[in-house]
Every structure is written in structure tokens, then in C-alpha cells.
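As a plain string of letters, each chain reads:
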Amino acid sequence: MAAFLEPYGVKAVYVDPSAAAFKLELKKRGFHIVDADNDVMNGVTFMVSEMQKGNLFVCRDCPNLIREIESYVWDSKASEKGEDKPMKKDDHSIDSLRYAVYSHKVASYDS
């Protein structure tokens, strides 16, 4: 991971707050870890808004992310209960994008 990120000058790695072991391992290896704001609705709303404004693009060389975006669906059973919740299936790439984009936005406003 260090070799992959090194050329990009990454200053922080946004990680799911529940991934304690992963965060600990990254910290041991010298990464600056930031707990991602994993609020699904706010994160999805922000990403869609940024895409519509032309501020967020997905590289065509990210086929898994594109596939996940195209197949992102809301949980109909949760909707029947009045909840807005996506289906938790094949969503690792889109969750990662949401964590980083939304968490960076929140951190930018807090600074």
C-alpha cells in the first residue's frame, strides 16, 4: 500500500471507523488515519451533487467502481419501514469513494 500511495503524496487515509485492526496496522506502518464519516445518506447525496456539478469524475480505468455505481440499489425492505438504506452487496469501491469524498468535505469545513 505504501508503494502504491507514495507517488501520489497521500496525506491521510480515510478508514471505516469500525475497522479497528486495519487502522492499527496502518498506524503501525506510519500512515495518518482519519475515521471516515460513513453517513450513507449524506455521503451519497454529496457525491451525486458533486458529480452533477462536474466536480467529481470517475476514471474509465476504474471498472469495478463504475460497475458498483451502475448497480447501486436501495433496500426495498428498509424503504417499507421508512428507512433509506442501500443494499450491502458489492459496494466496497463505492463505499471507499464515499468515505473519502464526504469525509474530506467534512474535514475541509471543520478546518
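Residues numbered from 1 in each chain as written. Predicted model: local features only at pLDDT ≥ 70, side-chain atom pairs only at ≥ 80, totals over all residues. Heavy atoms only, no water.

This paragraph deals with the overall build of the protein. Secondary structure summary: the protein contains six helices and two strands in total. In the protein, the succession of helices and strands from N to C terminus is α-β-α-β-α-α-α-α. Principal-axis analysis of the C-alpha atoms places the extent of the protein at approximately 45 × 30 × 30 Å. The proportion of buried residues among the 111 residues of the protein is 26%. (Helix = DSSP H or I, 4+ residues; strand = E, 2+ residues; numbered from the N terminus. Buried < 20%, exposed > 50% of the residue type's maximum accessible area, 1.4 Å probe, protein only.)

Attention shifts here to the pattern of salt bridges. Going through the model one piece at a time under the given rule, you end up with four salt bridges. Measuring nitrogen to oxygen at the nearest pair gives 2.6 Å for the salt bridge that ties D35 to K23. Highlighted residues: D35 in strand 2 (residues 33-35) and K23 in helix 2 (residues 20-28), separated in sequence by twelve residues. Residue classification places D35 among the partly exposed positions, given a relative accessible area of 45%. The residue R98 makes a salt bridge to D95 at a minimum N-O spacing of 2.9 Å. Placement of both R98 and D95 in helix 6 (residues 92-110) is noted, with a separation of three residues, approximately one turn of the helix. With a relative accessible area of 3%, R98 lands in the buried category. Using a relative accessible area of 7% as the deciding quantity, one classes D95 as buried. (Salt bridge = Lys/Arg side-chain N within 4 Å of Asp/Glu carboxyl O.)

What follows deals with unusual backbone geometry. A positive phi is found at D90, a non-glycine position, where the angle reads about 50°. Position of D90 among the secondary structure elements: in the loop between helix 5 (76-80) and helix 6.

Note that N38 resides in the loop between strand 2 and helix 3 (40-53). Judged by relative accessible area, N38 falls into the partly exposed class, the value being 34%. Measuring from C-alpha to C-alpha, the distance between N38 and Y102 comes to 8.1 Å, with 64 residues separating the pair along the chain.

So, on to a nonpolar patch on the surface. Nonpolar side chains collect at one region of the surface, where F4, Y8 and V10 lie side by side and expose about 360 Å² of accessible area between them. Note on placement: V10 falls in the loop between helix 1 (2-5) and strand 1 (13-15). Judged by its relative accessible area of 40%, V10 is partly exposed. (Patch = residues over 30% accessible without salt bridge, like charges linked within 9 Å, V, L, I, M, F, W, Y side chains within 5 Å. Areas by Shrake-Rupley, 256 points an atom, 1.4 Å probe, with all protein chains shown as cover.)

Aromatic ring pairs are described here by two measures, namely the spacing of the ring centres and the angle between the planes. Summed over the entire model, instances satisfying the criterion amount to three aromatic pairs. Plain terms: the ring middles of F4 and Y8 are 5.9 Å apart, the flat faces sit at 50° to each other, and that makes the pair tilted. We note that F4, like Y8, is exposed. Taking 5.7 Å as the distance between ring centres and 85° as the angle between the ring planes, the aromatic pair formed by Y72 and W74 counts as edge-to-face. (Phe/Tyr/Trp six-rings, centres within 6.5 Å; stacked < 30°, edge-to-face > 60°.)

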